[in-house]
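Reading the structure
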Amino acid sequence: MTDSFMHCLKKIKLSIFFSLWMALFFSSSIIAADNSLIIKTAEINNQFEAYFLNADFDLSFNDDLDEAIRKGIPINFVIEFELKKPRKYWFDEEVAKKTKEILLNYHALSKQFILAESENRLIAFDNLTQAKNELKRIKNWRIFDKSQIDDTEKYSAYLQVKLDQTKLPKQLQVDITSNQEWQLASKQFQWTFVNKK
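The following paragraphs examine the structure supplied in this document. Counting restarts for each chain: residues are numbered from 1 in the order of the written sequence. Selection of residues for local features in this predicted model requires a pLDDT of at least 70, selection of side-chain atom pairs for listing and counting requires 80 or more, and totals for whole chains, interfaces and linings are taken over all residues. As a rule here, side-chain values cover all heavy atoms of the structure and leave hydrogens and water aside.

1. Details of the overall build of the protein chain
Rules: Each helix is a run of DSSP H or I of at least 4 residues and each strand a run of E of at least 2, with the numbering of both proceeding from the N terminus. Residue contacts are counted whenever heavy atoms from the two residues lie within 4.5 Å of one another.
For the protein chain, the helix and strand inventory stands at four helices and nine strands. Element order for the protein chain, N to C, with α for helix and β for strand: α-β-β-α-β-β-β-β-α-β-β-α-β. Looking at the protein chain alone, contacts between residues at least 24 apart form 64% of all its contacts between residues at least 6 apart.

And the structure:
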């Protein structure tokens with residue numbers, strides 16, 4: 001084989017490799033965009049002797065998850081909040097830790113989508129879009145009391161939201177173990193909470 005032929009063959013191989021890499025990159029980007037959970041904002045407000053959390057998410061489901069919900073498979077979300085006090089020479093001190101569970105389920109008899117929170121709060125919706133819009137917000141969630149914090153001016157707050165796969169039906173848990181489209185979890189959202197004395 002001539003040198004020019006070998007050089008041409010290498011260029012073709014590189015071109016094929018690059019095309020395959022780009023195809024994989026864009027297909028994975030489409031999947032990620034199709035099913036995502038991103039915390040956009042979070043803030044803590046005080047009311048009398050307690051502090052409450054408000055937050056907003058970007059939330060989108062892929063067709064598989066939408067279809068599962070419409071078929072009556074209950075979907076559980078877990079919201080985890082932590083408040084820590086920074087320390088110079090040791091690990092940060094845990095001040096408060098709260099967990100909230102939200103169940104999204106389709107009720108076939110009433111033909112409604114039900115959101116059930118761990119605080120025994122139930123909300124019914126006529127369609128899945130309305131239910132998902134409600135899921136995108138946390139409103140006035142009591143997370144800690146004034147007695148739990150001291151005169152420290154700044155604390156570190158952490159928030160994460162995720163789909164709890166352990167609450168899915170057992171057979172579905174087995175089927176989706178390696179399915180990335182069911183790995184629905186936000187990155188941990190961190191911000192500084194200023195104690196206004």
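Having seen it, we continue.
2. So, helix α3 (residues 128–135)
What counts is decided by this rule: The rule is simple: take the accessible area with a 1.4 Å probe, protein chains only, and divide by the maximum for that residue type; under 20% is buried, over 50% is exposed, in between is partly exposed. Arc definition: it is the arc formed by the directions from the helix axis to the C-beta atoms.
Along α3, the positions that sit buried rather than exposed are L128, A131, K132, E134 and L135. One side of α3 carries all its buried residues, which in axial view fall inside an arc of 160°.

3. Focus on the sheet that holds strand β8 (residues 154–163)
We apply this condition: Each pair of strands is called paired provided DSSP finds at least two bridges between the two strands. For helices, the fitted line uses only the C-alpha atoms of the stretch in contact; every axis is such a line through C-alpha atoms, and the angle between N-to-C directions lies from 0 to 180 degrees.
The strand order across the open sheet built from six strands is β6-β5-β4-β3-β8-β9, with neighbouring strands paired in antiparallel fashion. Edge positions in the sheet fall to β6 (122–125) and β9 (189–194), since each has one partner strand and no second. Across the sheet, the mean angle from the axis of one strand to that of its neighbour is 20°, orientation sign disregarded. Alignment of β8 against β9, held across six bridges, turns out to be antiparallel. The residue bridging Y155 from the neighbouring strand is F193, located in β9. The strands touched by helix α2 (residues 63–70) are β3 (75–85), β4 (93–107), β5 (112–117) and β8; relative to β4, the strand with the most contacts, the crossing angle is about 65°.

4. Regarding the nonpolar core
Cut-off, in case you're wondering: The criterion is simple. A nonpolar core is a set of buried Ala, Val, Leu, Ile, Met, Phe, Trp, Tyr and Cys residues joined through side-chain atoms within 4.5 Å.
I44, L53, F81, L83, F144 and L159 are the most contacted members of the largest nonpolar core, which totals 41 residues. For L53, the residues in contact, after removing those within four places along its chain, are A42, E43, I44, F81, I138, K139, N140, W141, I143, L159 and W191.

5. Some words on the environment of L159
Among the structural elements, L159 can be located in strand β8. Looking at L159, the relative accessible area reads 0%, which means it is buried. Here the alpha-carbon distance between L159 and T99, two residues 60 residues apart in the chain, equals 9.9 Å. Other than its neighbours up to four places away in sequence, L159 contacts I39, A42, L53, A55, I79, E80, F81, I138, K187, Q188, F189 and W191.

6. What to know about the environment of D66
Mapped onto the fold, D66 is located in helix α2. Residue classification places D66 among the buried residues on the basis of a relative accessible area of 14%. Along the chain, D66 and L128 lie 62 residues apart, while their C-alpha atoms are 8.2 Å from each other. Apart from the residues within four sequence positions on either side, D66 is in contact with F61, L128 and K132.

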